[in-house]
Amino acid sequence: MSMAVVGLLAGMALGFAGYFGGFGAFVLVAALGAIGFVAGKFLDGELEPGDFFRTRTGDRDSRRR
């Protein structure tokens, strides 16, 4: 499935949620869609947990001196 079709389906889902459920439903569908997108990227192996949760390095402390 091409990214254009995925975008079309996501836009239609958000449109229906906004029309029938109001702004709260629109935001909920958008947030759950974003979470699902990130989870799908993790499962496909395109993202690693370290991409979001990195440890701090000593570089920041050395810049403060």
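Before going into details, it helps to say that this report is about the structure given with it. Note that the structure is a prediction, hence the values are computed from the model and not measured.

## Description of the overall build of the chain
Within the chain one finds 2 helices and 0 strands. Taken over 65 residues, the chain has a buried fraction of 2%. Accessible surface computed for the chain: about 5700 Å², of which carbon and sulfur atoms make up 67%.

## With respect to the environment of A30
Take A30: it is sitting in helix α1 (residues 3-44). Here A30 falls in the partly exposed class, since its relative accessible area comes to 34%. Placed 16 residues apart in sequence, A30 and L14 show a C-alpha to C-alpha distance of 6.8 Å.

## A closer look at the packing of aromatic side chains
Taken as a whole and judged by the stated rule, the model has 3 aromatic pairs. With a centroid separation of 6.0 Å and an interplanar angle of 5°, the aromatic rings of F16 and F20 are classed as stacked. You can see F16 and its partner F20 sitting in helix α1, 4 residues apart, about one turn around the helix. For F16, a relative accessible area of 51% gives the class exposed. Three or more aromatic residues joined by ring pairs make a cluster, and in this case those are F16, Y19 and F20.

## Observations regarding a nonpolar patch on the surface
Residues M1, M3, V5, V6, L8, L9, M12, F16, Y19 and F20 make up a contiguous nonpolar surface patch of roughly 1200 Å² in combined accessible area. Relative to the elements of secondary structure, L9 occurs in helix α1. Exposure remark for L9: the relative accessible area of 46% places this residue in the partly exposed category.

Criteria and cut-off values
Every chain begins its residue count from 1, and numbering advances along the sequence as written. At least 70 in pLDDT is required for a residue's local features to be given in this predicted model, at least 80 for side-chain atom pairs to be given and counted, and no such filter applies to totals for whole chains, interfaces and linings, which use all residues. Note that the side-chain values use all heavy atoms of the structure and ignore hydrogens as well as water. For helices the rule is a DSSP run of H or I covering at least 4 residues; for strands it is a run of E covering at least 2, with both sets numbered from the N terminus onward. For every residue, the accessible area (1.4 Å probe, protein chains only) is compared with the maximum for its type, and the residue is labelled buried under 20%, exposed over 50%, or partly exposed between those bounds. A 1.4 Å probe and the Shrake-Rupley method give the accessible areas. Residues count as covered only by the protein chains that appear here. The aromatic pairing rule takes the rings of Phe, Tyr and Trp, using the six-membered ring of Trp, and pairs them if the centres are within 6.5 Å, calling planes under 30 degrees apart stacked, those over 60 edge-to-face and the rest tilted. To count toward a patch, a residue needs a relative accessible area above 30% and no salt bridge. Like charges then connect within 9 Å, nonpolar side chains (Val, Leu, Ile, Met, Phe, Trp, Tyr) within 5 Å. Should a side-chain nitrogen of Lys or Arg be within 4 Å of a carboxyl oxygen of Asp or Glu, the pair is scored as a salt bridge.

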